[in-house]
Amino acid sequence: MSETTNAFEMAQRQFDHVAELLNLDPQVREILRWPMREFHFRIPVRMDDGTIRVFEGFRVQHNDARGPNKGGLRFHPAETFDTVRALATWMTWKCAVADIPLGGGKGGVVVDPATLSDGEKERLVRGYVNVMWRNIGPRQDIPAPDVGTTPQMMGWMMDEYSRLVGQYTPGVITGKPLGGGGSAGRTEATGYGVIFNVREAMKHLGLDPKQCTAAIQGFGNVAQFASIGFIEILGGKVLCVSCWDREDRKSYTFFKADGIDPHFLKSITDQYGTIDKAKAREAGYTIEDGDCWIEKDVDVLIPAALEGQVTGETVKRISPKVKILAEAANGPTTPEADEFLKNSSIFVIPDFLCNSGGVTVSYFEQVQNDMNFYWTKEEVLDKLDTKMTQAFHGVLDMSLEHKAYMRDAAYIVAIARVVKAMQLRGWV
Ligand code: GLU
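A brief look at the structure comes next. (Residues numbered from 1 in each chain as written. Predicted model: local features only at pLDDT ≥ 70, side-chain atom pairs only at ≥ 80, totals over all residues. Heavy atoms only, no water.)

A look at the overall build of the protein
Part 1: Across its full length, the protein holds 14 helices and 13 strands.
Part 2: Here the C-alpha atoms of the protein give a radius of gyration of 20 Å, agreeing with the 22 Å that 2.2 N^0.38 yields for 428 residues.
Part 3: Referenced to the eigenvectors of the C-alpha coordinate spread, the extents of the protein come out at roughly 55 × 55 × 45 Å.
Part 4: Per-residue burial for the protein yields a buried fraction of 61% across its 428 residues.
Part 5: Partitioning the contacts of the protein with sequence separation of at least 6, the portion at a separation of at least 24 is 72%.
Part 6: Approximately 16,800 Å² of the protein is accessible, and the part contributed by carbon and sulfur atoms is 50%. (Helix = DSSP H or I, 4+ residues; strand = E, 2+ residues; numbered from the N terminus. Rg over C-alpha atoms; globule rule 2.2 N^0.38 Å. Buried < 20%, exposed > 50% of the residue type's maximum accessible area, 1.4 Å probe, protein only. Contact = heavy atoms within 4.5 Å. Areas by Shrake-Rupley, 256 points an atom, 1.4 Å probe, with all protein chains shown as cover.)

Quick look at the structure:
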């Protein structure tokens with residue numbers, strides 16, 4: 001099998017593997033291997049200098065058997081149709097494994113948001129809604145933030161949609177700012193959800209969290225709250241995080257043997273996730289190559305950046321000390337690396353289970369929007385913890401019962417739920 005880092009090929013290979021294990025009906029397979037609807041369009045935007053720039057945009061709706069399509073909107077210069085297809089597919093499995101009544105979707109725009117002014121960003125996201133508004137909505141498809149997009153952008157998109165349909169419609173989008181229809185705890189949700197999963201995995205493996213260390217790849221929203229949670233919720237130590245340096249156009253690992261301080265690092269990180277190297281060095285951090293995080297002698301590895309990071313090649317650099325690989329990113333591990341991990345003693349918390357905290361609180365946000373009644377952060381995080389713990393044990397039980405690899409077990413749980421909904425609706 002040749003190594004693939006094409007995310008959609010990865011998503012299809014993972015699905016095919018489990019479809020085979022389950023002996024899934026060929027017609028059901030044919031439906032689930034592909035997105036149900038795909039949109040590919042151009043968004044003309046008036047730039048600050050008066051010129052018009054045309055951006056390429058996507059929205060993919062993979063499956064809505066269990067409820068409206070749900071998933072983020074990613075702004076990235078390397079965005080492709082296939083990445084969006086993969087991410088939309090994983091959203092279907094993510095919502096199903098977390099057992100929230102939503103389907104899978106994802107959007108993308110080929111752009112580096114750091115090159116845009118605030119006004120240009122606003123016109124671009126409003127333009128996105130202008131193209132897509134007939135095909136999104138609280139009962140159709142609900143976007144949210146992802147890599148390169150922010151709560152403020154979600155607020156503008158909600159406003160544009162409300163204007164077009166002629167009524168205030170907060171439930172069209174989640175991850176909105178607090179005070180603008182957003183939910184308390186949404187910013188923390190993905191990172192903390194990762195940590196609730198890690199906590200349950202540690203209980204299962206008989207590890208004492210206070211004695212555990214972690215290495216984290218990335219320092220965006222998910223990595224920031226995963227590191228805060230690892231330290232403040234579990235009582236463990238995080239030895240390093242990594243980040244993409246916009247100026248040097250490469251990534252670096254920021255290491256501290258007695259543990260990093262994520263609050264300090266956050267305070268010296270710009271809005272696009274680049275950590276100030278000089279200030280970090282001054283505070284005693286060692287700055288190493290961006291891919292060093294994977295070879296650290298830690299108990300837990302948390303890739304929390306982009307897809308395709310743990311490959312057939314890099315997986316061999318993982319230290320024998322590592323006990324848990326908690327996939328906070330979407331699709332960080334290639335099928336080739338999976339083959340290696342399956343035969344190792346590393347316990348894998350698969351991506352669409354591990355990072356399902358974000359979409360779970362997105363779902364809570366929509367519920368609160370519908371009720372027009374808002375919960376406190378404690379209530380939200382409590383409900384999140386309950387959901388994550390249930391989801392984790394649902395998958396763990398499946399894995400133990402069928403002696404299945406955790407990723408396969410997560411797929412089995414998710415696919416069964418989606419297929420059941422398709423059957424109940426008479427699709428198959
Ligand atoms: N973009 C996030 C994810 O990949 C959140 C999606 C959402 O909240 O709808 O899970």
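Focus: the sheet that holds strand 10 (residues 286-289)
Part 1: An order of 10-9-8-7-11-12-13 is seen for the seven strands of this open sheet, with the pairing classed as mixed. Both outer strands of the open sheet, strand 10 and strand 13 (347-349), are each paired with one neighbouring strand and no more. Here the average twist between neighbouring strands, direction ignored, is 20°.
Part 2: With six bridges connecting them, strand 8 (residues 237-245) and strand 9 (residues 250-255) associate as antiparallel partners. Opposite Trp 244, over in strand 9, you have Ser 251 as the bridge partner.
Part 3: Across the sheet, helix 7 (residues 221-232) lies against strand 7 (213-217), strand 8 and strand 11 (300-303), angled at about 175° from strand 7, the strand it touches most. (Pairing = 2+ DSSP bridges. Axes fitted to C-alpha atoms, helices over the stretch in contact; angles between N-to-C directions.)

Focus: the packing of aromatic side chains
To describe a pair of aromatic rings, you give the distance between the ring centres and the angle between the ring planes.
Part 1: For the structure on display, the rule yields eleven aromatic pairs.
Part 2: Their ring planes at 5° and their centres at 5.8 Å tell us that Phe 15 and Trp 93 sit as a pair that is stacked. Here Phe 15, found in helix 1 (residues 7-22), pairs with Trp 93, found in helix 3 (residues 81-97); they are 78 residues apart in sequence, far enough to count as distant. As far as the burial class goes, Phe 15 and Trp 93 line up, both buried.
Part 3: Joined through ring pairs, the aromatic side chains of Phe 15, Trp 93, Phe 352 and Tyr 411 make up one cluster.
Part 4: A cation over a ring is seen here: Lys 256 above Tyr 285, with NZ or CZ 5.1 Å from the ring centre.
Part 5: Positioned over the ring face of Phe 255 is Lys 296, at 4.4 Å from the centre of the ring. (Phe/Tyr/Trp six-rings, centres within 6.5 Å; stacked < 30°, edge-to-face > 60°. Lys NZ or Arg CZ within 6 Å of the ring centre and 35° of its normal.)

Notes on the pattern of salt bridges
Part 1: Tallied over the full model, the rule gives 39 salt bridges.
Part 2: One salt bridge in this structure joins Arg 66 and Asp 99, with 3.2 Å as the shortest N-O distance. Separated by 33 residues along the polypeptide, Arg 66 in the loop between strand 2 (52-63) and strand 3 (69-70) and Asp 99 in the loop between helix 3 and strand 5 (104-110) bring together distant segments of the chain.
Part 3: You can call Asp 99 partly exposed: its relative accessible area is 38%.
Part 4: Among the ionic pairs, Glu 188 bridges to Lys 377, the shortest N-O distance being 2.8 Å. With a gap of 189 residues between them, Glu 188 in helix 6 (residues 186-205) and Lys 377 in helix 13 (residues 377-401) connect regions that are remote in the sequence.
Part 5: Judged by its relative accessible area of 11%, Glu 188 falls in the buried class. (Salt bridge = Lys/Arg side-chain N within 4 Å of Asp/Glu carboxyl O.)

Considering the site of the ligand
Part 1: Contacts to the ligand come from 14 residues, most closely from Lys 70, Lys 94, Lys 106, Asp 146 and Ser 362.
Part 2: In this structure, an oxygen atom belonging to the ligand sits 2.9 Å away from a side-chain N or O atom of Lys 106.
Part 3: In the environment of the ligand, an oxygen atom lies 2.5 Å from a nitrogen or oxygen atom belonging to the side chain of Ser 362.
Part 4: The set of elements that each furnish at least two residues to the shell around the ligand consists of helix 3 and helix 12 (357-371).
Part 5: Within the shell around the ligand, the residues separate by chemical class into four nonpolar, five polar and five charged. (Near = heavy atom within 4 Å. Polar contact = N/O pair within 3.5 Å; in protein donor to acceptor, adjacent residues only side chain to side chain. Nonpolar A, V, L, I, M, F, W, Y, C, P; charged D, E, K, R; others polar.)

Focus on the sheet that holds strand 4 (residues 73-76)
Part 1: With respect to topology, four strands assemble into an open sheet ordered 1-2-5-4, the strand pairing being mixed. Strand pairing shows two members of the sheet lacking a second neighbour, strand 1 (37-46) and strand 4, which therefore form its edges. With direction set aside, neighbouring strand axes in the sheet form an average angle of 20°.
Part 2: In this structure, strand 2 lies alongside strand 5, joined through six bridges in antiparallel fashion. Along strand 5, the bridge assignment pairs Asn 63 with Gly 104.

As for the packing of helix 6 against helix 13
Part 1: Close contact between helix 6 and helix 13 brings their axes to 9 Å; oriented N to C, the two are set at 45°. In terms of their interaxial angle, helix 6 and helix 13 are classed as oblique. Two packed elements cross with a definite hand, and for helix 6 against helix 13 that hand is right-handed. Touching Glu 188, Ala 189, Tyr 192, Gly 193, Phe 196, Asn 197, Arg 199, Glu 200, Ala 201 and His 204 of helix 6 are Lys 377, Leu 381, Leu 384, Asp 385, Met 388, Thr 389, Phe 392, His 393, Leu 396 and Leu 400, all from helix 13.
Part 2: When the residues that make up the contact of helix 6 with helix 13 are grouped by side-chain class, the tally is ten nonpolar, five polar and five charged. (Parallel < 35°, antiparallel > 145°, perpendicular 65-115°, else oblique. Left-handed = near helix turned anticlockwise from the far one by under 90°.)

Notes on a nonpolar patch on the surface
Part 1: Residues Met 36, Trp 427 and Val 428 make up a contiguous nonpolar surface patch of about 240 Å² in total accessible area.
Part 2: Along the chain, Met 36 falls in the loop between helix 2 (26-33) and strand 1. (Patch = residues over 30% accessible without salt bridge, like charges linked within 9 Å, V, L, I, M, F, W, Y side chains within 5 Å.)

Some thoughts on the side chain of Glu 307
Part 1: Considering the arrangement of structural elements, one finds Glu 307 in the loop between strand 11 and strand 12 (324-326).
Part 2: Owing to a relative accessible area of 17%, Glu 307 belongs among the buried residues under this scheme.
Part 3: A distance of 3.2 Å separates polar atoms of two side chains, one belonging to Glu 307 and the other to Arg 74.
Part 4: Once residues within four sequence positions are removed from consideration, Glu 307 is found in contact with Ala 7, Arg 74, Thr 83, Leu 87, Asn 330, Gly 331 and Pro 332.

Any functional reading would require information that these geometric values do not contain.
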